[in-house]
Amino acid sequence: MSLITGKTKLLGVIGDPIEHSLSPVMHNAAIASLGIDYVYLALPVKSADLEVAIAGFAAIGLQGFSVTIPHKQAIIPLLSDVSEIARGVGAVNTVWHTEGGWNGTNTDVEGFIAPLRGYNRDWSQTTALILGYGGAARAVVVGCSQLGCQGIHVVGRNLDKLSQFQQSWVDKSLSTSVTVHPWEELSELIPQVDLVINTTPVGMYPNVEQSPVDAAVWQGLRDGAIAYDLIYTPNPTQFLKQAKEQGAIAIDGLEMLVQQGAAAFKIWLGQTPPVDIMRQSLQQYLGLLP
Ligand code: NAP
């Protein structure tokens, strides 16, 4: 770690709980590799303290911060300016300071899309299926729409929440339509789509044997389909193992984590982030390197 002096500038991540965040690992690795005088810390902030914390951050000259659960929506009214993309998603994950106050955006969309751009596809011929309708699913919907997907189907287990989710896109001028379905329709939908994205926490450590999709349901998956799991531990998840057995291309959640962090780093520091170093630091921390 670089020497912390009286001039060291502060970046951080706010959330509750926050001690499991991987962001300090990758951002401090990036800071060290660039030799810049910054440090990035996990800052625990309870919901009731959010407003006073933001005011305090301005008072102490915090340069910028990441935002995670449960503050991604609640922070919006406390910011001076919110980007169009964050308004579209309905959540902010990156905040930086300007003369006019705190500005916020959402880099999860960019993070989600980044690994998909590596595949040479006609996205206008691609139909996406999203499992779950939580916070991450919102960034995934905007990402699929930005890619120009032909259609977006969302499955969830609660009909009221599904209907609210569909309703929430009505005035957002998405270029792709969003259709919601009860979980029971999953087996009918799988053969009709080219991209299946798990945004539920099912299969995340320590429940590593679980999958949101029953093994038999994968049958009928289209040739060349992509299975994308937002979960990054374990790596691969049961969901990705099953999809691969059916011939799918598998994408895990680590690259999204790295790329959303890299996009935030660029906003705060105005310089090209060392993406390889950030990725390696996480792979090493998670025990994914030999
Ligand atoms: P969230 O807002 O709590 O949403 C979770 C969603 O999963 C909800 O729609 C929930 O539905 C559904 N769900 C939970 N358990 C389920 C089950 N047993 N069966 C079916 N649906 C279930 O969480 P989030 O912030 O969107 O995060 C979701 C996952 O994405 C987490 O694993 C997180 O680590 C991961 N993530 C990864 C990245 C990355 O950079 N790779 C970024 C963000 C999130 P109900 O409301 O019906 O329970």
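Above this note sits the structure.
Model, not experiment: these values are computed from the prediction.

Chemist: Pulling in residues and values, what's your account of the side chain of T94?
Modeler: Within the element layout of this structure, T94 appears in strand 5 (residues 94-98). Assessed through its relative accessible area of 0%, T94 is described here as buried. There is a polar contact of 3.0 Å between the side chain of T94 and the side chain of N93.

Chemist: Break down the site of the ligand for me, with residues and values.
Modeler: As a matter of local geometry, the ligand sits amid 20 residues, with Y133, A136, R157, K161 and G253 nearest to it. Between the ligand and G135 there is a distance of 2.9 Å, counted from an oxygen atom to a backbone nitrogen or oxygen. The separation between a nitrogen atom of the ligand and a polar main-chain atom of L230 is 2.9 Å. For the ligand, the accessible surface in isolation is 930 Å², of which the surrounding protein chains cover 74%. For the shell around the ligand, the secondary-structure elements that each account for two or more residues are helix 5 (135-147) and helix 9 (254-269). Here the shell around the ligand is composed, by residue class, of twelve nonpolar, six polar and two charged.

Chemist: Report on the pattern of salt bridges, specifying residues and quantitative values.
Modeler: A complete count under the given rule lists five salt bridges for this structure. Across the pair D108 and K72 runs a salt bridge, and its minimum N-O distance is 2.9 Å. On the criterion of sequence distance, the pair formed by D108 in helix 4 (residues 108-117) and K72 in the loop between strand 3 (64-67) and strand 4 (81-82) is long-range, its members being 36 residues apart. Between D194 and R222 there is a salt bridge, with its nearest N and O atoms 3.0 Å apart. In this pair, D194 sits in the loop between helix 7 (186-189) and strand 10 (195-198) while R222 sits in the loop between strand 10 and strand 11 (226-229), placing the two residues 28 residues apart along the sequence. Given the relative accessible area of 13%, D194 is considered buried. Within this structure, E255, D276 and R279 form a network of salt bridges that share partners.

Chemist: Go over the packing of aromatic side chains, please, and point to the residues and values.
Modeler: If you walk through the whole model with that rule in mind, you get six aromatic pairs. An aromatic cluster of at least three residues, connected via ring pairs, comprises F57, F65 and W102. Over the ring of W169 we find R138, and its NZ or CZ is 4.2 Å from the ring centre.

Chemist: Just give me the short version of the environment of G111, but keep the residues and values in it.
Modeler: Within the fold, G111 resides in helix 4. Along the chain, G111 and M256 lie 145 residues apart, while their C-alpha atoms are 4.3 Å from each other.

Chemist: Can you explain unusual backbone geometry? Please cite residues and give values.
Modeler: A cis geometry characterises the amide bond from T233 onward to P234, with omega recorded as 5°. Relative to the helices and strands, P234 is located in the loop between strand 11 and helix 8 (238-245). Cis peptide bonds are those with omega within 30 degrees of zero, and the linkage from N235 to P236 qualifies with 5°. With respect to the helices, strands and loops of the structure, P236 is situated in the loop between strand 11 and helix 8. With a phi angle near 45°, S173 is a residue other than glycine that sits in the positive phi range. Assignment of secondary structure puts S173 in the loop between helix 6 (159-167) and strand 9 (178-182). Residue classification places S173 among the exposed residues on the basis of a relative accessible area of 70%.

About the cut-offs
Residues numbered from 1 in each chain as written. Predicted model: local features only at pLDDT ≥ 70, side-chain atom pairs only at ≥ 80, totals over all residues. Heavy atoms only, no water. Helix = DSSP H or I, 4+ residues; strand = E, 2+ residues; numbered from the N terminus. Buried < 20%, exposed > 50% of the residue type's maximum accessible area, 1.4 Å probe, protein only. Polar contact = N/O pair within 3.5 Å; in protein donor to acceptor, adjacent residues only side chain to side chain. Near = heavy atom within 4 Å. Areas by Shrake-Rupley, 256 points an atom, 1.4 Å probe, with all protein chains shown as cover. Nonpolar A, V, L, I, M, F, W, Y, C, P; charged D, E, K, R; others polar. Salt bridge = Lys/Arg side-chain N within 4 Å of Asp/Glu carboxyl O. Phe/Tyr/Trp six-rings, centres within 6.5 Å; stacked < 30°, edge-to-face > 60°. Lys NZ or Arg CZ within 6 Å of the ring centre and 35° of its normal.

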